[in-house]
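Observations on the three-dimensional arrangement
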2 protein chains.
Amino acid sequence: MAHLERLPEVFKAIDEQQEEFIELLREAVEIKSVSGDPSRRGDCIRMSEWTRDQLKALGIDASLWDLGTEKTPSGETIPLPPAVFGVHGRDKAKKTLLVYGHLDVQPAEKEDGWHTDPFKLIEKDGKLYGRGSTDDKGPVIAWIAVLKVLQRLGIDLPINLKFVLECMEESNSIGLEDGLKRNIDKISDVTYSCISDNYWLGKNKPCLTYGLRGICYYFIEISCARQDMHSGVCGGSVPEAMTDLIWIMNQLVDINGKILIPGIEDLVAPLTKEEDETYENIDFCMETFKNDMGVHGLMASEMKKLLQNRWRFPSLSLHGIEGAFSQPGSKTVIPAKVTGKFSIRIVPDMTPEKIDQLVFDYLNKLWASRGSPNKFKVHGGHGGKPWLADYRDPNFSAGSRAIERVFGIAPDFTREGGSIPITLTIQELTGKSVVLLPIGAADDMAHSQNEKLNRENFVKGMKVLAAYIFELAA
Amino acid sequence: MAHLERLPEVFKAIDEQQEEFIELLREAVEIKSVSGDPSRRGDCIRMSEWTRDQLKALGIDASLWDLGTEKTPSGETIPLPPAVFGVHGRDKAKKTLLVYGHLDVQPAEKEDGWHTDPFKLIEKDGKLYGRGSTDDKGPVIAWIAVLKVLQRLGIDLPINLKFVLECMEESNSIGLEDGLKRNIDKISDVTYSCISDNYWLGKNKPCLTYGLRGICYYFIEISCARQDMHSGVCGGSVPEAMTDLIWIMNQLVDINGKILIPGIEDLVAPLTKEEDETYENIDFCMETFKNDMGVHGLMASEMKKLLQNRWRFPSLSLHGIEGAFSQPGSKTVIPAKVTGKFSIRIVPDMTPEKIDQLVFDYLNKLWASRGSPNKFKVHGGHGGKPWLADYRDPNFSAGSRAIERVFGIAPDFTREGGSIPITLTIQELTGKSVVLLPIGAADDMAHSQNEKLNRENFVKGMKVLAAYIFELAA
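What you see is a predicted model; the values in this text were computed from it and never measured.

Okay, the packing of aromatic side chains next. Residue and element names in this part refer to chain B. Counting across every chain of the model gives 24 aromatic pairs over all chains. Measuring from centroid to centroid gives 6.4 Å for W143 and F163, while their planes differ by 85 degrees, and the two rings are edge-to-face. Taken together, the residues W143 in helix α4 (residues 137-152) and F163 in strand β8 (residues 160-166) connect sequence positions 20 residues apart. Comparing W143 with F163 shows no difference in burial state: the two are buried.

Set out below in structure tokens:
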């Protein structure tokens, strides 16, 4: 308990030194590490190098993992930004925590509707605005800050740390899984893993996340002609691909969100009474959620049902159509080839393989019944399995106690409706528990305009991470 | 008949001087008069001036009509290109023919799939490739060529001519209707009008066109949130606008092309036995049409029915969705606001007003039955009435005899499935017959890549126009 006794001292130092860590975040935000934009690849590489140097300055054995190259949409081959791997402590008597984070960000332009320059960290009303502030540079800097503080206080870490920080997360983490597999010996001694790359369920209460939905993405291609036609010349003469596509897309999900593909619901793990009860005391306000999202309605009238819809039941969303007229204004085109896109968020015990089969069977059967002369093809895109952990294990317990030490209340144990595939990858490669420990709040607008991280979340996040390190060893 | 006796001489001169007229078309094609591109507005103005100068060189009293300004999508106010108005002959004893044509073109870039520079006239296998070659610079130059030939042969025109040539046709003819109304006194003495801005039904036989479908364009707007959402976070929680839109769009038209909006079909003028018979001897090959379009099927198995579907029955096409994901690849977005777009081609006795009423009533009723909390709005875009002329009138008869003199066969009398709103405008403003006299062939690819005009169509077109002038006076 020696370490835990020094926590007040650590918290005080974090409070006192916070400006320095905000300056560090400011430096990081200014590096435009947009992994989805090939012209910013140099910035991504610089971001990895900057982070390695930060770790090195802490005395961490930090290096870069070359992850190879990728082909851009224009056919160019460009290097992947290297991942940063860092080792802090090699004491075999201690547990080893793997910390994952990412250094790249989503694209952002002032013109998109940002009130400030997205690549400058600007504080207003206690909110630190800037691309990457919450997703995910802030949480990475929080780890660095904690190590700086402990070092200055002369506190030796009670656990070993390993850092895996990538710069391609917003671009499907290309290269990382292979990189981890090639370096499997370097992470085989990991006892626990921690990922801070999601958000609180609301704006006031911290949480720990133990489940994620998986995803299956589908493309329905229908073509009726070699090239686009004029609706004056061909309307009434040609069976149109759009008519077929809209007909088939209308048979995927009903107004209540019920997925119309037979067999899907049979794969969902039954909701036990015990599990159902865990939803009762979650701190979640439906009205706040509705207002924050600016939506006109919700799919359930009670909170428990709404959260279950989001976390532990599948959902199907129609994303759009490629090849049809999508610009403003009017155009009298009959599109020659249209591709409808939809995805299904999957939950235990669904697997992408089983869902693919059900989706392909259903759509092919529907198409056969249509009797259209047009050409039809359905194929799947990326599929990711759902993830579900045991929130009663020591990793979660340590996180929970750490949060209680900072916030004075135990966190909610939550799941998420989205997918963070690296979670399952790390769990499978280490064979050990992974906890999702979010630092930012629900309204941080990751991926959107005016992304921010509350100063309070940033500072308290550092304190939680420090306490978590100590609790893991306790 | 004195004029008609000189036709062989005129035809011979056209044959002999054709290279000169191709050179003139070459000059015209090189002026990039893309009316839809504000940055090309200078070229459009230059094109009007160039044409005015061509008419002046023929001794025609040619001037420019200032049509005012327009606002570009970026909010800039730019001048509309002026229309060219020309008067050739003021003999009150003669009939007066109004000739309409347009000088602007659709956008074209080599990268779109052109085999040659779209703004260079390139001849290959008797085909003159270039943007505007057939739509509509070629037909305008054909008129100029005829006047040059007649002048050189010292043949005085047996009719007066008035030219109305605009440079905004591909951009909804902005300003022209007002311009015509302001100058109504200048066209009040017109006896007939002729428009060469459509195409043969096939590739071999000329036609005269006496009917056009009208159009009503609609926008269905549905919104579910203030901004786009993540399908992981909100899928299953929020009633999605796309699901509602696809549901409603699926209730507009069935696989057989039947419009599902009640009352629409009751407005269609009954098909009489006599009219039905006019479809029997049209020169149209379904197989060629199918192959040229590269379509997988047709909406009718007999030619008569297919042409009727195209010309004299309404059709409904789904054009696309604005606001949904339309790029290549996969994106897990729940679009906040989506706008479905469709149009109905209308025929006698349908009017845009009546159709608007039926469409709005039907969609509002459907929406009310849906019970969705989302926001719904339907509104109409541009509406154009159908046009139907009497192909037994003297204007058509003169055109028919002219064609017979050049091709040795009488033309087919056809209608078109598309809309050329200026036709009805000119008919209503002059109160006199308008004939659509196409010069180009069905495969000229107007608006598409590799637009062309066959040299033979160009040369024979000039001959037809010369003969038509003579026949009108006969």
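Here we take up the UniProt feature "active site" (unreviewed entry) in chain A. Residues and elements named next belong to chain A. Residues annotated by UniProt as "active site" (unreviewed entry) correspond here to D104 and E169. With the annotated positions falling across 66 residues, the maximum pairwise C-alpha distance of 6.6 Å places them together in a single cluster. Position of D104 relative to the elements: it lies in the loop between β5 (96-102) and β6 (122-124). Those residues in contact with D104, other than ones at most four positions away along the chain, are S33, S35, D135, E166, C167, M168, E169, E170 and S171. Of note is the side chain of D104, whose polar atom sits 2.7 Å from the side chain of S35. If you trace the backbone, E169 turns up in the loop between β8 (160-166) and α5 (176-182).

Now for the relation of the copies chain B and chain A. Rotating chain B by 180 degrees about the axis while translating it 0.0 Å along that axis superimposes it on chain A, leaving an RMSD of 0.1 Å. The operation mapping one copy onto its partner corresponds to a two-fold rotation axis. Same-surface contact between copies: 100% of interface residues of chain B are shared with the interface of chain A.

What follows is about the pattern of salt bridges. Inspection of the entire model under this criterion finds 74 salt bridges over all chains. Of the charged contacts in the structure, one is a salt bridge between E9(A) and R6(A), with a shortest N-O distance of 2.8 Å. Its salt-bridge partner being R26(B), residue E23(B) comes within 3.1 Å of it at the nearest N-O pair. With E23(B) and R26(B) both in helix α2 (residues 7-30), this residue pair falls 3 residues apart, about one helical turn. Assessed through its relative accessible area of 26%, R26(B) is described here as partly exposed.

The next point concerns the nonpolar core. Formed by 110 residues in total, the largest nonpolar core has its most connected members in I344(A), L363(A), I344(B) and L363(B). If sequence neighbours within four positions are ignored, I344(B) has contacts with G214(B), I215(B), C216(B), Y218(B), I259(B), I261(B), I264(B), P314(B), S315(B), L316(B), I355(B) and V359(B). The next biggest cluster of nonpolar side chains, apart from the first, holds 92 residues, and it includes L7(A), V84(A), L121(A) and L128(A).

For helix α14 (residues 455-473) of chain B, built from 19 residues, the straight-helix expectation of 27 Å at 1.5 Å per residue is met to within 8% by its first-to-last C-alpha distance of 28 Å. Counted residue by residue, α14(B) has 16 buried out of 19 residues, so it is predominantly covered.

This part covers the confidence of the model for chain A. A residue-level look at chain A finds 100% of positions with pLDDT of 70 or above and a mean pLDDT of 96. Scoring the predicted complex yields pTM 0.89 and, for the interface, ipTM 0.89.

What follows covers the interface of chain B and chain A. With 79 residues of chain B at the interface, the matching set in chain A holds 79 residues. Of the roughly 6000 Å² buried between chain B and chain A on both sides combined, carbon and sulfur atoms contribute 56%. Area buried by chain B at its contact with chain A is led by I255(B), H296(B) and H319(B), which between them contribute 11% of it. Summed over the shared surface of chain B and chain A, the number is 0 salt bridges. Where chain B meets chain A, there are 40 residue pairs in polar contact (both at pLDDT 80 or more). Considering each element in turn, the side of chain B that touches chain A owes the most residues, 8 residues, to strand β13 (residues 315-322) of chain B. Looking at the side of chain B that touches chain A residue by residue, the class counts come to 33 nonpolar, 33 polar and 13 charged.

The next point concerns the sheet that holds strand β7 (residues 127-129) of chain B. Residues and elements named next belong to chain B. Pairing in this open sheet of 3 strands is antiparallel, and the strands run β6-β7-β20 from one edge to the other. What marks the edges here is a single partner per strand, and that holds for β6 (122-124) and β20 (452-454). Within the sheet, the average angular offset between the axes of one strand and its neighbour, ignoring direction, is 25 degrees.

Here we come to the side chain of H88(B). Residue and element names in this part refer to chain B. Along the chain, H88 falls in strand β4 (residues 83-88). Given the relative accessible area of 18%, H88 is considered buried. Discounting chain neighbours no more than four positions away, the residues touching H88 are I60, L147, L157, I159, N160 and L161.

A few words now on the environment of L98(B). Residue and element names in this part refer to chain B. For L98, the position within the fold is in strand β5 (residues 96-102). On the basis of relative accessible area, L98 is assigned to the buried category, the value being 1%. Sequence separation between L98 and I195 is 97 residues, and the spatial gap between their C-alpha atoms is 8.6 Å. If we skip the residues at most four places from it in the chain, L98 touches K162, V164, I187, V190, Y192, S193, C194 and I426.

Calculation criteria
Residues numbered from 1 in each chain as written. Chains lettered and ligands numbered in written order. Predicted model: local features only at pLDDT ≥ 70, side-chain atom pairs only at ≥ 80, totals over all residues. Heavy atoms only, no water. Phe/Tyr/Trp six-rings, centres within 6.5 Å; stacked < 30°, edge-to-face > 60°. Helix = DSSP H or I, 4+ residues; strand = E, 2+ residues; numbered from the N terminus. Buried < 20%, exposed > 50% of the residue type's maximum accessible area, 1.4 Å probe, protein only. UniProt positions renumbered as here; feature names shortened; annotations may be inferred. Contact = heavy atoms within 4.5 Å. Polar contact = N/O pair within 3.5 Å; in protein donor to acceptor, adjacent residues only side chain to side chain. Least-squares fit on C-alpha atoms with pLDDT ≥ 70 in both. Salt bridge = Lys/Arg side-chain N within 4 Å of Asp/Glu carboxyl O. Core = buried A, V, L, I, M, F, W, Y, C linked by side-chain atoms within 4.5 Å. Expected span 1.5 Å × (residues − 1). pLDDT = per-residue confidence, 0-100. Buried area = accessible area lost by both parts, 1.4 Å probe. Nonpolar A, V, L, I, M, F, W, Y, C, P; charged D, E, K, R; others polar. Pairing = 2+ DSSP bridges. Axes fitted to C-alpha atoms, helices over the stretch in contact; angles between N-to-C directions.

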